[in-house]
Amino acid sequence: MTTSSHGLLRAAHRAASLTSVRLALFGVLALAACWHSLSLAGGMNDFRDSHLLDSYEDAGTRSVTHYGQLPLWNPWSCGGQYALGSPQTRVFAPTVVLSSLVGPRRAEPILLWAFLVLGMEGFFHYARRRVGSATGALGAAPLFGLMGFTALSWSIGWLNFAGFLLLPWLLVGTRRVAEGKLSGVALVGGVFALLLSFGGTYPVPMGALFVALETGRTLYGMRGMPRRREALWALGITACFTLAACAFRLWPLIETMRSSPRVMAGTPGNALVPLTKMLLQLPARSGYSDPGNFYFAPAALLLALPALALARRRALYPAVMAGLCAWMAAGYSATPSLFAGLRTLPIFETFRYPERFLVPTCFFLAELAALGLAALLARTWRAPSRWTWAAVAACAVAISSWGLQLRAFDNLSRWAQMTAMPAEREQPFAQARGNRWSQGHLLALNRGSIACGEAWPVPMSSKLRGDLSQEEYLEEPGAGTAKRVEWTPNRVSIDVDATRPTVLLVNQNWHPGWKSSQGEVISRDGLLGVRVPQGRQQVVLSFLPRSGLGGTLVSALAWAGLAFLMWRERRGHRLPWPGALGVSAVPLAVWGVLAMAWPEPVAKPDPRNADGSPLTVAALPPAARPVNARFDVPVELVAAEVPAEPDAEGITPLVLHWRTTGPVPRSVGIFVHVVSAEGQRLGSDHPVLGGTWFFADAPRDTLLRDAFSLSTRGWRPGTWNVLVGLWHAGGDQSRVDVLGTGGAQVSEGRVYVGTFTVPRNVRANESSVNP
Amino acid sequence: MTMTTTQARWRRVAVSGWMALALCGGVAVARAVTSEVRTPSRRLSAEERVLVGRAAAEAEPHWRRRSMHSFPGDHWSQDDDFGASERGWVMNEARRRDVPVTDVFDAIDTELRSAAPILPPRKASASPCKPRPFYD
């Protein structure tokens, strides 16, 4: 028994330690998981998010294969957008090569397969170091690699979320960095760069969070100050290198987000039971539902028990982390809410779905499972007669858990709604009105979709049109002619014959990266324009964005610097830490110089209400009725505009003029009660001014024009009073006291701002649709 | 130094592992490259395109009005809601006629250009993207 147990354990250990054998196992498991997805590769995912996100990849691939250009500008989406500055694109990831070779849709399940293998291998490396057993790590790796969320992500077109599978590589790299290894620097910087380029809107910030925690854990576990000091030097180098290695993507993203910040309000939360179902219930084979979205085989939780019983000290960190992540995943349903705390931090403030923290929950549960297996196997080695059957049972549980997760993965893959690949039609590019819910079909027609459904406010012109006979035209039709000579995504040539100085307009969005061979590039209400002089000329517009090109140079320098450091190390002339830090800081200095020396116009935010009107005004309009209500936070309701009755369509436009004079808690939002003479109450609460600013972020001592509307269709005819107040919408939901008014009526913390009358018959006038 | 039998055996295992991994990758690529999803049996004829384009144009004012009341004063949400209505109609039309969805969108695009400039209650422009600040 002893001999056979030892022999078996030795063979298992040896096999688990062999990279090729391990990868072959992961390859087979990944193939089984992706089998259904691979069989659908010839179709197009018809889910709405897939139409948006996969179209980015389609557009990027088109730029490469049809025009031989880098996918810098994407003219097919939202009237034209900066592909590198759009957070969810993955067109600058190395994976675009595969997309170009086999087509973007067919590449997706192949990439899914590759990410699964990478995820399992990464987890193996992480867990082997943490639990000290190759076999234990091997047994738990598929538990993380085959978690349900990856399958769900593929099914609905969120392949960029496969980046979560690289989380263990980040942690492995962090540990290597702390040990003073330059390979760790390359790993951390490289993985972050890959994640950013792959559209990792959640994997990157969450990865950064767990890298910070892993750093603390590693530093805490180190003995002696000299080692810790060395680790800190190495971590400094890693920070510099990672920033610079990501510059090609980070710079465009920062630039874009500064000009178009995303506002995320609301208090999303998940109660314990739904959260548990998301994690542990086998998902259904069809339809979209929450249970099983983040499936982790419940049987594998049994493996955590020996970890907690036999290796308490090592189990402490993953157990605590799994608990914290689950707490985070509960969002605002938990009291106190850890997620609410996280949202006070920059970048994390835009997180919408707390349940995505179930991904790291799976990760740490898998670590516990690895530890449980390792503990049992170690005891089997020492006392086979007592522990062999327990170890055999644990291995059986692990393998059956793989089976369960494969089953769940397959079920979730079947949620994908596939439709036939659209037939390509070769025709000159033009913007169409399009449809963001079916954008993939428009691309096949070489049509851009100006209907845009991004998760952030893409800078767009309201002048874009989808019915033009020519995409490039002169602003004044009588000022001459404009004729397209050449069109590619990043370069457009137009022959212009102008009888007087005029403006050439291109039916695409303006971006500061556009440069012209003639005249000055301008933004005409957000539309791309060029001031052209009188006469015949060829205007060549080229998209050469400073942030993309400059950022790529900085990233290239970062890799060159790291290669130099590694070369020195290989030759036995390792640079001292301060010198190495200096080398890794050079690209950042170059970044600073480029930012200062390479002038480019700056796209500024243009804050507007949902109806397109400006969010700030210099003075009150004559129609505004003074209110002058002050609240128990530094906010003043200056005036209001309430029409006497709804418009011909039954829409009542309301305007509130606010002013902030000091710091306002982020939780403060507006409530609007509309009360009939009979006491019926309807509402139009909104925690964000004009859908753009929290009071906390709004400019101070400025008149803020908050415009919104009510549809009175079906309302009881008669008079309706409008009452307005403030409440802690994102907090305890209590009302903010009204301190005083300039004579306006106050009741229950609400200020009366006006009355309108709903007539007996609301007239219908279809011409009132916004143009 | 000569290789022992055990070492030789593990070496063979390692080589087999690489081959198995390559085989898995190869199978994945082959399956992805050769898979097909059924395409509709026919395409829209030129006459049908005109009819489909007109039908969508006729339905548009109704969808627009509904969107206006669903999202009063919110132009992007109105357009987005209109897009959802249009998509539903397009999918039904494509299914009913057993033609590609792309053909139906092409018909709508062609009609919009032929009827240009599009005026209210129809619309050929789009409101700048302004996603709602919360969804819970």
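Residues numbered from 1 in each chain as written. Chains lettered and ligands numbered in written order. Predicted model: local features only at pLDDT ≥ 70, side-chain atom pairs only at ≥ 80, totals over all residues. Heavy atoms only, no water.

Labelled according to an unreviewed UniProt entry, chain A appears under the name Lipoprotein.

Participant: It is not clear to me how the overall build of chain A should be interpreted in this structure. Could you clarify?
Facilitator: Looking only at helices and strands, chain A features 21 helices and 25 strands. Relative to the 2.2 N^0.38 estimate, which gives 28 Å for 771 residues, the radius of gyration of chain A is 30 Å and therefore close to what a compact globule would have. Along the longest, intermediate and shortest principal axes, the C-alpha atoms of chain A span 95 × 70 × 55 Å. Buried positions account for 59% of the 771 residues belonging to chain A. Counting contacts in chain A only where the partners sit at least 6 residues apart, residues at least 24 apart contribute 72% of the total. Surface exposure of chain A reaches about 29,400 Å², of which carbon and sulfur atoms provide 60%. For chain A, the centre of its 69 positive side-chain charges and the centre of its 48 negative side-chain charges are spaced 13 Å apart. (Helix = DSSP H or I, 4+ residues; strand = E, 2+ residues; numbered from the N terminus. Rg over C-alpha atoms; globule rule 2.2 N^0.38 Å. Buried < 20%, exposed > 50% of the residue type's maximum accessible area, 1.4 Å probe, protein only. Contact = heavy atoms within 4.5 Å. Areas by Shrake-Rupley, 256 points an atom, 1.4 Å probe, with all protein chains shown as cover. Lys, Arg positive; Asp, Glu negative; His and termini not counted. Charge placed at Lys NZ, Arg CZ, Asp CG, Glu CD.)

Participant: What am I meant to see in the overall build of chain B here?
Facilitator: A count of helical and extended segments in chain B gives 4 helices and 0 strands. Traced from its N-terminal end to its C-terminal end, chain B shows the element sequence α-α-α-α. Taken over C-alpha atoms, the radius of gyration comes to 27 Å for chain B, far larger than the 14 Å a tight globule of 136 residues would show. With respect to the principal axes defined by its C-alpha atoms, chain B has extents near 85 × 45 × 25 Å. Going through the 136 residues of chain B one by one, you find that 50% of them count as buried. Taking all contacts inside chain B whose residues are at least 6 apart in sequence as the whole, residues at least 24 apart take part in 57%. Surface summary for chain B: the accessible area is close to 6,900 Å², and the carbon and sulfur share equals 60%. Seen as two clouds, the 21 positive and the 17 negative side-chain charges of chain B have centres 9 Å apart.

Participant: What's the story with the interface of chain A and chain B in this structure? I'm lost.
Facilitator: By a frequent convention, interface size equals the accessible area lost on bringing the separate parts together. With 92 residues of chain A at the contact, the number on the chain B side is 70 residues. Both sides together, the interface formed by chain A and chain B hides about 6,800 Å², and carbon and sulfur atoms give 60% of it. In this structure, the connection of chain A to chain B is made through 8 salt bridges. A salt bridge links B:D106 to A:R425, with the nearest nitrogen and oxygen atoms 2.3 Å apart. Counting across the interface, chain A meets chain B through 39 residue pairs in polar contact (both at pLDDT 80 or more). (Buried area = accessible area lost by both parts, 1.4 Å probe. Salt bridge = Lys/Arg side-chain N within 4 Å of Asp/Glu carboxyl O. Polar contact = N/O pair within 3.5 Å; in protein donor to acceptor, adjacent residues only side chain to side chain.)

Participant: What am I meant to see in the sheet that holds strand β14 (residues 535–543) of chain A here?
Facilitator: Note: strands within a sheet are paired through backbone hydrogen bonds, in either parallel or antiparallel orientation. Residue and element names in this part refer to chain A. The strand order across the open sheet formed by 4 strands is β8-β9-β14-β11, and the pairing between neighbours is antiparallel. Each having just a single partner strand, β8 (480–487) and β11 (514–516) make up the two edges of the open sheet. Recorded for the sheet is a direction-independent mean angle of 20° between the axes of neighbouring strands. Of the pairings in the sheet, the one linking strand β9 (residues 491–498) to β14 comprises 8 bridges and is antiparallel in character. (Pairing = 2+ DSSP bridges. Axes fitted to C-alpha atoms, helices over the stretch in contact; angles between N-to-C directions.)

Participant: What am I meant to see in the pairing of β9(A) here?
Facilitator: Taken residue by residue, a regular strand's side chains alternate between the two faces of the sheet. All names here are of chain A. Of the pairings in the sheet, the one linking β8 to β9 comprises 7 bridges and is antiparallel in character. When the bridges of β9 are listed, G480 appears paired with A498. Counted along the chain from β8 to the antiparallel partner β9, the turn is 3 residues long.

Participant: Looking at this structure, how should I read the environment of A:E230?
Facilitator: Residues and elements named next belong to chain A. By secondary structure assignment, the location of E230 is in helix α11 (residues 225–245). You can call E230 partly exposed: its relative accessible area is 40%. Residues E230 and A178, spaced 52 residues apart in sequence, show a C-alpha to C-alpha distance of 7.6 Å.

Participant: For this particular structure, what's the right way to read the packing of helix α17 (residues 358–382) of chain A against helix α18 (residues 384–413) of chain A?
Facilitator: Helix packing geometry: the angle between the two helix axes and the distance between the axes. Residue and element names in this part refer to chain A. Contact geometry of α17 with α18 gives a least axis separation of 7 Å together with a crossing angle of 150°. In terms of orientation, α17 lies roughly antiparallel with respect to α18. Two packed elements cross with a definite hand, and for α17 against α18 that hand is left-handed. Residues L373, L376, L377, R379, T380, W381 and R382 of α17 pack against P384, W387, T388, A390, A391, A394, C395 and A398 of α18. Grouping the constituent residues of the contact of α17 with α18 by class yields 11 nonpolar, 2 polar and 2 charged. (Parallel < 35°, antiparallel > 145°, perpendicular 65-115°, else oblique. Left-handed = near helix turned anticlockwise from the far one by under 90°. Nonpolar A, V, L, I, M, F, W, Y, C, P; charged D, E, K, R; others polar.)

Participant: So what exactly am I meant to see when it comes to the domain arrangement of chain A here?
Facilitator: Residues and elements named next belong to chain A. Segmenting chain A into domains produces domain 1 (2–39 + 84–418), domain 2 (549–597) and domain 3 (616–768). Between the C-alpha centres of domain 1 and domain 3 the distance comes to 46 Å. Taken together, the 6 residues of domain 1 in the interface contact 7 residues of domain 3. For the pair domain 1 and domain 3, the two sides together bury roughly 450 Å², of which 62% comes from carbon and sulfur. (Domains from an automatic or database assignment.)

Participant: What's the story with the packing of helix α9 (residues 182–197) of chain A against α11(A) in this structure? I'm lost.
Facilitator: All names here are of chain A. Axis separation between α9 and α11 bottoms out at 9 Å; the angle between their running directions is 30°. Considering their axes alone, α9 and α11 lie roughly parallel with respect to each other. Taken as a pair, α9 and α11 cross one another with a handedness that is right-handed. In this structure, α9 contributes V185, A186, V188, G189, G190, F192 and A193 to the contact, and α11 contributes A234, I237, T238, F241, T242 and A245. Looking at the contact of α9 with α11, its residues break down into 9 nonpolar, 4 polar and no charged.

Participant: Teacher, can you tell me more about the side chain of A:R130 here?
Facilitator: Along the chain, A:R130 falls in helix α5 (residues 104–131). Reaching out from A:R130, the side chain makes a polar contact with the side chain of A:E214 at a distance of 2.4 Å.

Participant: I tried to follow the state of the cysteines on my own but got confused; where do I start?
Facilitator: Disulfide: a covalent bond formed between the sulfur atoms of two cysteine residues. Residues and elements named next belong to chain A. Under the counting rule described, the total for this entry stands at 1 disulfide over all chains. Two residues share a disulfide in this structure: C78 and C452, whose sulfurs sit 2.1 Å from each other. With the S-S bond torsion at 65°, the cross-link from C78 to C452 turns out right-handed. A residue pair is termed long-range when its members are at least 10 positions apart, and C78 in the loop between β2 (73–74) and β3 (81–82) and C452 in the loop between β6 (447–449) and β7 (472–474) qualify at 374 residues. Residue classification places C78 among the buried residues on the basis of a relative accessible area of 1%. By relative accessible area, which is 3% here, C452 ends up buried. The thiol of C240 is unpaired, and the distance to the nearest cysteine sulfur, on C246, comes to 13 Å. The buried category is assigned to C240, whose relative accessible area is 15%. (Disulfide = S-S within 2.5 Å.)

Participant: Help me understand unusual backbone geometry in this model?
Facilitator: Excluding glycine, most residues fall at negative phi; most peptide bonds, likewise, are trans. Residue and element names in this part refer to chain A. For the peptide bond that leads from T335 to P336, omega is -5°, which places it in the cis range. Here P336 is to be found in the loop between α15 (312–329) and α16 (338–342). One non-glycine residue, N446, adopts positive backbone phi at about 55°. Of note, N446 is situated in the loop between α19 (439–444) and β6. For D525, which is not glycine, the phi torsion reads 55° and is therefore positive. Counting through the fold element by element, D525 comes out in the loop between β12 (520–524) and β13 (527–532).

Participant: When you look at the domain arrangement of chain B in this model, what are you seeing that I'm missing?
Facilitator: What the domain assignment reports for chain B is domain 1 (1–35) and domain 2 (46–114). Placing a centre on the C-alpha atoms of domain 1 of chain B and another on those of domain 2 of chain B gives a separation of 53 Å.

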